[in-house]
Amino acid sequence: MELVTPEQRETLLANGAKRGADHVPLVKLFNPCGAGTWLVTELDTEDASIAFGLADLGFGTPEIGSFSLTELEAFQGPFGLGIERDLYFEGKFTLAVYAEAARNAGRIVEYGPELDAAGRRSAAACG
């Protein structure tokens, strides 16, 4: 499976040209056989194999930063399964909101009280 579609790549590169902005994650990648979840917001404009977003390797400390799509594409887990793209993921909040919720939950969350609370705090700060 292609980790990033050509259309997503275009948007992620455009986001990468606006470094420092708090983008909404466009792509969710995950390990179907274990720990590992990545929310991707942008690609490096000088090296599109380098992604930026929120990474959770399953140690209870999700982090914002850069990671290699090439390494994720090369990963082979049990039964030869690799990293996959969540075909149904739709980012609802900015990366900062997902990161706050992940710090509070100890893992990336897509719903639940941690994400709801982080979303409310973000909305209150903006409004």
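Just above, that's the structure.
Presented here is a report on the structure given in the accompanying data block.

Conventions and cut-offs
- Residues numbered from 1 in each chain as written.
- Predicted model: local features only at pLDDT ≥ 70, side-chain atom pairs only at ≥ 80, totals over all residues.
- Heavy atoms only, no water.
- Pairing = 2+ DSSP bridges.
- Helix = DSSP H or I, 4+ residues; strand = E, 2+ residues; numbered from the N terminus.
- Patch = residues over 30% accessible without salt bridge, like charges linked within 9 Å, V, L, I, M, F, W, Y side chains within 5 Å.
- Areas by Shrake-Rupley, 256 points an atom, 1.4 Å probe, with all protein chains shown as cover.
- Salt bridge = Lys/Arg side-chain N within 4 Å of Asp/Glu carboxyl O.
- Core = buried A, V, L, I, M, F, W, Y, C linked by side-chain atoms within 4.5 Å.
- Buried < 20%, exposed > 50% of the residue type's maximum accessible area, 1.4 Å probe, protein only.
- Contact = heavy atoms within 4.5 Å.
- Phe/Tyr/Trp six-rings, centres within 6.5 Å; stacked < 30°, edge-to-face > 60°.
- Lys NZ or Arg CZ within 6 Å of the ring centre and 35° of its normal.

Quick notes on the pairing of strand β1 (residues 27–30)
Reasoning step 1: As defined by bridge partners, β1 adjoins strand β2 (residues 37–43) across 4 bridges and the pair is classed as antiparallel. Its bridge partner being in β2, Val27 is matched across the sheet by Val40.
Reasoning step 2: Between the end of β1 and the start of β2, which pair antiparallel, lie 6 residues, with Gly36 showing a positive phi angle near 125°.
Reasoning step 3: The pairing of β1 with strand β5 (residues 84–85) spans 2 bridges and is antiparallel. Residue Leu29 lies in a different strand from β5, and its bridge partner there is Arg85.

Notes on a nonpolar patch on the surface
Reasoning step 1: Residues Met1, Leu87 and Tyr88 make up a contiguous nonpolar surface patch of roughly 420 Å² in combined accessible area.
Reasoning step 2: Topologically, Met1 is positioned in the segment before α1 (6–16).

Examining the nonpolar core
Reasoning step 1: One finds Leu29, Trp38, Val40, Phe67, Leu69 and Leu72 to be the most contacted residues of the largest nonpolar core, which totals 14 residues.
Reasoning step 2: Listed by contribution, the elements that provide at least two residues to this core are β1, β2, β3 (50–56) and α2 (69–74).
Reasoning step 3: Broken down by element, the residue count for this core peaks at 3 residues, all from β2.
Reasoning step 4: The residues touching Val40, leaving out its near neighbours within four places in the chain, are Leu12, Pro25, Leu26, Val27, Leu29, Ala51, Phe52 and Phe67.
Reasoning step 5: One finds Leu54, Phe89, Val97 and Ala118 within the second-largest nonpolar core, a separate group that totals 13 residues.

Overview of the packing of aromatic side chains
Working definition: an aromatic ring pair is given by the centre-to-centre distance plus the angle between the planes.
Reasoning step 1: The full count for this structure, using the stated rule, is 2 aromatic pairs.
Reasoning step 2: Geometrically, the ring pair formed by Phe89 and Tyr98 is tilted, given 6.5 Å between the ring centres and 55° between the ring planes.
Reasoning step 3: Summarising the aromatic geometry, the rings of Phe93 and Tyr98 are spaced 6.1 Å apart at their centres and angled 75° between planes, so their arrangement reads as edge-to-face.
Reasoning step 4: Residue classification places Phe93 among the partly exposed residues on the basis of a relative accessible area of 25%.
Reasoning step 5: The class of Tyr98 is buried, set by a relative accessible area of 2%.
Reasoning step 6: Ring pairs connect the aromatic residues Phe89, Phe93 and Tyr98, which therefore count as one cluster.
Reasoning step 7: Over the aromatic face of Phe52 sits the side chain of Arg19, whose NZ or CZ is 5.7 Å from the ring centroid.

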